[in-house]
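The chain contents come next:
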Amino acid sequence: MEHIENDDQFQGLKVNKGISEQPTVNPYLNNFKRFKRKTYTVSEYVEGIRKGDISILGQAVTLIESSKQEHQSIAQEVIEKCLPYTGDSVRVGITGVPGAGKSTSIDAFGMHILKGNNKLAVLAIDPSSEMTKGSILGDKTRMERLSIEKNAFIRPSPSAGSLGGVARKTRETIILCEAAGFNRIIVETVGVGQSETAVHSMVDFFLLIQLAGTGDELQGIKRGIMEMADGIVINKADGNNIEKARLAQSHFQNALHLFPLPDSGWAPKVLTYSGYYEIGIEEVWNMIDEYIGFVKQNGYFDHRRNDQARFWMYETINERLKNDFYNNPAVQAELKICEQQVLSSQITPFSAANKALNTFTKHR
Ligand code: GDP
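The following paragraphs examine the structure supplied in this document. (Residues numbered from 1 in each chain as written. Predicted model: local features only at pLDDT ≥ 70, side-chain atom pairs only at ≥ 80, totals over all residues. Heavy atoms only, no water.)

### Notes on the packing of helix α11 (residues 281–298) against helix α12 (residues 300–327)
Relative to each other, α11 and α12 sit at 85 degrees, their axes nearing to 5 Å. By the angle between their directions, the pair α11 and α12 is classed as roughly perpendicular. Residues Tyr-291, Ile-292, Val-295, Lys-296 and Asn-298 of α11 pack against Tyr-300, Phe-301 and Arg-304 of α12. Across the contact of α11 with α12, the residue classes tally to 5 nonpolar, 1 polar and 2 charged. (Axes fitted to C-alpha atoms, helices over the stretch in contact; angles between N-to-C directions. Helix = DSSP H or I, 4+ residues; strand = E, 2+ residues; numbered from the N terminus. Parallel < 35°, antiparallel > 145°, perpendicular 65-115°, else oblique. Contact = heavy atoms within 4.5 Å. Nonpolar A, V, L, I, M, F, W, Y, C, P; charged D, E, K, R; others polar.)

And the structure:
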């Protein structure tokens, strides 16, 4: 391609003509590329994870995230073998709109958690990850201090598939992390859409990060999200913002009084803090510890985990049935016909659905 910049008269920088192929700096490099990453057997994975080998843990998580059948079957075996070593942990979900300060706060919370001789895994569920390839949440660069700590494992959101599928993968990753000795788990999500419900279904404590706004903080927060929260924290309570944050705190506290007491018996608290200036970090974590102590004593801790296990069993069945149904070639063909018939009012949507379901039963 000719560039005007290459005209003899042109005074500015010149653009060289392109070359068809980059010369190889090291011709031996091509040989190395052929070497695949080492693959492990199921027991090597389990042994590595149990020893806390981060590299093997990371590779096992990659298997969980893979859509390949052979990877999935190894992953499932590894998960099952790891299951007996899990459970002795505290799982915390953190949500908040973009800009609420989730990553800044998780960095600060994380450093506090590590001081207590814990191992922390930070995972994420990002509903937009199909587009962003999971780069928005759980990204290492967003948690600068944590990302270089050897006792912290940070993993961005799995990117492929439906929210249900992504959430299942994160839940399975929790199992592997716990087997690897990570006794504190944070699952982060953005405060939009359905992802909070997914996170809520896999954690012991659900923390909602809020910002003090214009005085009408409760606007725009879905009632459902507030009801799910075991604690609400108002971030950026620093500088000129301290008063506003306190005001927001009392708004939220009043609003929470209107809800019935949750099944846990724990009345959700509202605190203010600053993730950036690290003010009130310890208090936020003390609240979570207090909650865990409370629900362990009244039996709700185990009750919630059992509920969650049951939920995930049915979620997995639903997910699998849906995939099998929509990937079935006979169903796919039938659906095309049914759709046309529905659109031209030849049959009702219900009988079309029945026809497709019957096709599935016959051709499974
Ligand atoms: P996220 O999108 O929820 O992960 O939010 P970030 O952690 O990326 O924070 C968004 C912006 O808010 C960044 O510019 C942070 O520096 C700033 N921020 C986060 N926490 C605080 C805080 O406690 N106080 C103040 N003043 N700014 C903060």
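### Digging into the packing of helix α3 (residues 54–65) against helix α7 (residues 163–179)
α7 packs onto α3 with a crossing angle of 155 degrees between their chain directions and a minimal axis gap of 10 Å. The angle between the axes of α3 and α7 places the two elements in the roughly antiparallel class. The interaxial crossing formed by α3 with α7 has right-handed handedness. Contacts between α3 and α7 involve Leu-57, Ala-60, Val-61, Ile-64 and Glu-65 on the former and, on the latter, Lys-169, Glu-172, Thr-173, Leu-176 and Cys-177. Of the residues that constitute the contact of α3 with α7, the class distribution is 6 nonpolar, 1 polar and 3 charged. (Left-handed = near helix turned anticlockwise from the far one by under 90°.)

### Concerning the pairing of strand β7 (residues 269–272)
Here strand β6 (residues 231–235) runs beside β7; their pairing, made up of 4 bridges, is parallel. Within β7, the residue paired with Val-233 across the bridge is Leu-271. (Pairing = 2+ DSSP bridges.)

### Looking at the site of the ligand
Residues in contact with the ligand amount to 15 residues; listed here are only the nearest, Gly-99, Lys-102, Thr-104, Arg-142 and Asp-238. At 2.8 Å, a side-chain N or O of Lys-236 approaches an oxygen atom of the ligand. A total of 580 Å² of accessible area belongs to the ligand in isolation, and the protein chains cover 69% of it. Of all the elements, helix α5 (residues 102–115) adds the most residues to the shell around the ligand, at 3 residues. Counted by class, the shell around the ligand contains 4 nonpolar, 7 polar and 4 charged residues. (Near = heavy atom within 4 Å. Polar contact = N/O pair within 3.5 Å; in protein donor to acceptor, adjacent residues only side chain to side chain. Areas by Shrake-Rupley, 256 points an atom, 1.4 Å probe, with all protein chains shown as cover.)

### Let's talk about the sheet that holds strand β4 (residues 184–190)
Hydrogen bonds along the backbone pair up the strands of a sheet, which may run parallel or antiparallel. Taken in spatial order, the 7 strands make up an open sheet running β3-β2-β4-β1-β5-β6-β7, and their pairing is parallel. The two strands at the open ends of the sheet, each matched to only one other strand, are β3 (152–154) and β7. Taking each pair of neighbouring strands and ignoring which way they run, the sheet shows an average axis angle of 20 degrees. Here strand β2 (residues 120–125) runs beside β3; their pairing, made up of 3 bridges, is parallel. Paired with Val-122 across the bridge in β3 is Ile-154. Across the sheet, α7 touches β1 (90–96), β2, β3 and β4, and the angle it forms with β2 is around 175 degrees.

### Points about the side chain of Arg-305
For Arg-305, the location among the structural elements is in helix α12. Residue class for Arg-305 comes out buried when judged on its relative accessible area of 12%. Not counting the four nearest positions on each side in its chain, Arg-305 is found in contact with Gly-87, Ser-89, Val-90, Arg-91 and Asp-204. (Buried < 20%, exposed > 50% of the residue type's maximum accessible area, 1.4 Å probe, protein only.)

### Quick word on the nonpolar core
Counting 51 residues, the largest nonpolar core has Ile-49, Leu-57, Leu-176 and Ile-232 as the members making the most contacts within it. Considering every element that reaches this core, the biggest residue donor is α7, with 7 residues. Composition of this core by domain shows at least three residues from each of domain 1 (38–85) and domain 2 (86–298). Apart from residues no more than four positions distant in its own chain, Leu-57 is found in contact with Ile-49, Phe-153, Leu-176, Cys-177, Ala-180 and Phe-182. (Core = buried A, V, L, I, M, F, W, Y, C linked by side-chain atoms within 4.5 Å. Domains from an automatic or database assignment.)

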